[in-house]
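Notes for the structure review
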Amino acid sequence: MMAKWVKLAAVATLALGISSAWAQGVTHEGTVVDTMNGGGYTYVQIKEADTTFWAAGPQTEVSKGDKVAVVEQMWMNEFTSKTLNRTFDKLLFVGQIDKK
């Protein structure tokens, strides 16, 4: 029940574009390694220094090789996107994906 509520809260947070109560506010900047759209969201795999991670935010035009910045709102483990038919080991939800 709690996991379902947290997922709903994450979706509501993204939909409203507001920061959540558990927002970390840490900014990550890196290069888009991979990207895909699904269900009104853009998923981007970002390489930041020696780390690569997936982030999801409102649908945005981005391409592989673009420099982007995202601000942490909430991390989810084992997040499944039904639209993409894919489970992400760890996914960062963000309010927006900014091209640099």
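The following refers to the structure shown. (Residues numbered from 1 in each chain as written. Predicted model: local features only at pLDDT ≥ 70, side-chain atom pairs only at ≥ 80, totals over all residues. Heavy atoms only, no water.)

1. Thoughts on unusual backbone geometry
What counts is decided by this rule: For the purposes of this entry, the term helix denotes a DSSP run of H or I that reaches at least four residues, the term strand denotes a run of E that reaches at least two, and both are numbered from the N terminus. Each residue gets one of three labels from its accessible area relative to the maximum for its type: buried under 20%, exposed over 50%, partly exposed in between, using a 1.4 Å probe on protein chains only.
In this structure, Ala49 is a non-glycine residue whose phi angle is positive, near 55 degrees. Looking at the element boundaries, Ala49 is found in the loop between β2 (41-48) and β3 (51-58). On the accessibility criterion, Ala49 (65% relative accessible area) is exposed. Despite not being glycine, Asn85 has its phi angle at roughly 55 degrees, a positive value. Considering the arrangement of structural elements, one finds Asn85 in the loop between β5 (74-81) and β6 (86-93).

2. Here we look at the sheet that holds β6
Stated formally: Paired strands, in this sense, are two strands between which DSSP finds at least two bridges.
Across the sheet, which stays open at both edges, the 7 strands sit in the order β5-β6-β3-β2-β1-β4-β7 with mixed pairing between neighbours. The open sheet has two free edges, formed respectively by β5 and β7 (98-99), since each of these has just one partner strand. As paired strands, β5 and β6 are joined by 7 bridges and run antiparallel to one another. When the sheet's bridge partners are listed, Thr80 is paired in β6 with Thr87.

3. Some words on the nonpolar core
Rules: Remark: nonpolar core denotes a set of buried residues (Ala, Val, Leu, Ile, Met, Phe, Trp, Tyr, Cys) joined through side-chain atoms within 4.5 Å. Two residues form a contact once any of their heavy atoms are found within 4.5 Å.
Among the nonpolar cores identified, the biggest contains 11 residues, and these are Val32, Val44, Ile46, Phe53, Ala55, Val62, Val68, Val70, Leu92, Val94 and Ile97. Put simply, the parts of the chain that give this core at least two residues each are β2, β3 and β4 (67-71). The residues touching Ala55, leaving out its near neighbours within four places in the chain, are Thr42, Tyr43, Val44, Ile46, Leu91 and Leu92. Core analysis: the second largest hydrophobic core is formed by 10 residues, Tyr41, Met76, Phe88 and Phe93 among them.

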